[in-house]
Amino acid sequence: MESRGPEPEPGPEPEPGPDPGPDPRPSRAGGGGRYGEDVFPPEAAGEGRRIDYGALAYDDVTLTRLRALGAGPGWRCLDVGAGTGTVSRRLLTEAGVEGVLAVDRDVRFLAERPVPGLDVREADVTAPDFAPGRFRLVHARFVLMHLPGRERMVARLAELVEPGGVLVLSDAVDLTSGVAPETPYTRAMRAMWRGLRDTIGTDVSWVPSSPAWLRAAGLRRVGAEIHVPPLLPGSPISRFWADTWERSRAAMVATGLVDDAGLDEAVRYLESEECAALSAGMLTVWGRR
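These numbers come from a predicted model, not from an experiment.

*Asks:* What should I look at first to understand helix α5 (residues 184–200) in this one?
*Replies:* The first and last C-alpha atoms of α5 sit 24 Å apart over 17 residues, in line with the 24 Å expected at 1.5 Å per residue. Judged by how many residues are buried, α5 sits mostly within the fold: 15 of 17 residues are covered.

This is the structure in structure tokens:
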């Protein structure tokens, strides 16, 4: 999928069988593991590029939805877990919103690319004292899936939406379990989801429930849609998964679902003409106050 954002610099660099199902071993997710600390630290070389590969795969779909919901002149927006800031900047430069407050626990990538109207705040949105005000648009993409207390977080984010405004949340939906054929790719993806759950608590099993959670938070006119970018050799989403696997390799191998050789095979498969698979989807849900 083509994006109108800048192309990142290229870097060097369980099916007919049974679904692995719930892991009987105790999960470490209740401990101190966090995104950006135990896995995907922002200071690691190439982490901004990895995030931008995801942006190239999903930004056009996100911006189309936000603009269809009315994002435009006069809107003040909150972008939670803004990453490298591609959505925040495009809201300003393409949708023409009045201003965007971009929030992340580490803002080094946001600070590197300032634009007029973009305010940057380093903050933990799960902290009890996080109170940035109210906004016409509150947006978070691929954030809640990495956080504990997700239903509570939906309610908290809904409280930040001003009357007439909209909350828009996007998270991943796993399409590699169940009856998906067993391939090097599906074995790697299953190991990734379990490894991330065990280390930092990532969980996407709740994502199909998110429309009901928005309704329970008092929002109206709730809608949802799903986007699955195509896995093609050299595509941004294929590069994103290859980089993601490399950065979470230790956690993936620790699950016992894949070893180093199997992970290397999965990367080769992903970049080959033999690859015939579905990427994880992005489910976007929205509701108005």
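*Asks:* What am I meant to see in the pattern of salt bridges here?
*Replies:* When charged atoms on two side chains of opposite charge get close, those side chains can pair. Under the counting rule described, the total for this entry stands at 14 salt bridges. For Arg-247, the salt bridge identified is with Glu-47, shortest N-O distance 3.5 Å. Note that Arg-247 is positioned in helix α7 (residues 236–247) and Glu-47 in helix α1 (residues 47–68), a separation of 200 residues in sequence. On the basis of relative accessibility, which here comes to 24%, the residue Arg-247 falls in the partly exposed class. Across the pair Asp-198 and Arg-197 runs a salt bridge, and its minimum N-O distance is 3.4 Å. Residue classification places Arg-197 among the partly exposed residues on the basis of a relative accessible area of 24%. Here the residues in one salt-bridge network are Glu-246, Arg-249, Asp-260 and Asp-264, joined through shared partners.

*Asks:* Hey, could you run me through the environment of Arg-247 in this one?
*Replies:* As for Arg-247 and Glu-47, which are separated by 200 residues in sequence, their C-alpha atoms are 8.9 Å apart. Contact partners of Arg-247, with chain neighbours within four places excluded, come to Val-39, Phe-40, Ala-44, Ala-45, Gly-46, Glu-47, Arg-49 and Arg-50. Polar contacts involving the side chain of Arg-247 include one to the main-chain carbonyl oxygen of Ala-45, which spans 2.7 Å.

*Asks:* Where do I start with the sheet that holds strand β7 (residues 281–288) in this structure?
*Replies:* Strand pairing in a sheet takes place through backbone hydrogen bonds and is either antiparallel or parallel in direction. The seven strands are arranged β3-β2-β1-β4-β5-β7-β6 in an open sheet whose pairing can be described as mixed. Where the open sheet ends on each side, the last strands, each with one partner, are β3 (118–122) and β6 (220–227). Strand-to-strand twist of the sheet, defined as the mean angle between neighbouring strand axes without regard to direction, takes the value 15°. Strand direction decides the pairing type here: strand β5 (residues 161–173) and β7, joined by eight bridges, are antiparallel. By the bridge assignment, Ser-170 is partnered in β7 with Thr-284. Here helix α2 (residues 86–95) sits on the sheet and contacts β1 (76–80), β2 (99–104), β3 and β4 (135–141); the angle it forms with β2, its principal contact strand, is near 180°.

*Asks:* Can you help me understand the packing of α1 against α2 in this one?
*Replies:* The relative placement of two packed helices is expressed as an angle between their axes plus a distance between the axes. With their axes 10 Å apart at the nearest point, α1 and α2 run at an angle of 45° to one another. For the element pair α1 / α2, the angle class is oblique. The two elements α1 and α2 meet at a crossing, and its hand is right-handed. Across from Asp-52, Ala-55, Asp-59, Asp-60, Thr-62, Leu-63, Leu-66 and Arg-67 in α1, the residues of α2 making contact are Thr-86, Val-87, Arg-90, Leu-91, Glu-94 and Ala-95.

Conventions used here
- Residues numbered from 1 in each chain as written.
- Predicted model: local features only at pLDDT ≥ 70, side-chain atom pairs only at ≥ 80, totals over all residues.
- Heavy atoms only, no water.
- Helix = DSSP H or I, 4+ residues; strand = E, 2+ residues; numbered from the N terminus.
- Expected span 1.5 Å × (residues − 1).
- Buried < 20%, exposed > 50% of the residue type's maximum accessible area, 1.4 Å probe, protein only.
- Salt bridge = Lys/Arg side-chain N within 4 Å of Asp/Glu carboxyl O.
- Contact = heavy atoms within 4.5 Å.
- Polar contact = N/O pair within 3.5 Å; in protein donor to acceptor, adjacent residues only side chain to side chain.
- Pairing = 2+ DSSP bridges.
- Axes fitted to C-alpha atoms, helices over the stretch in contact; angles between N-to-C directions.
- Parallel < 35°, antiparallel > 145°, perpendicular 65-115°, else oblique.
- Left-handed = near helix turned anticlockwise from the far one by under 90°.

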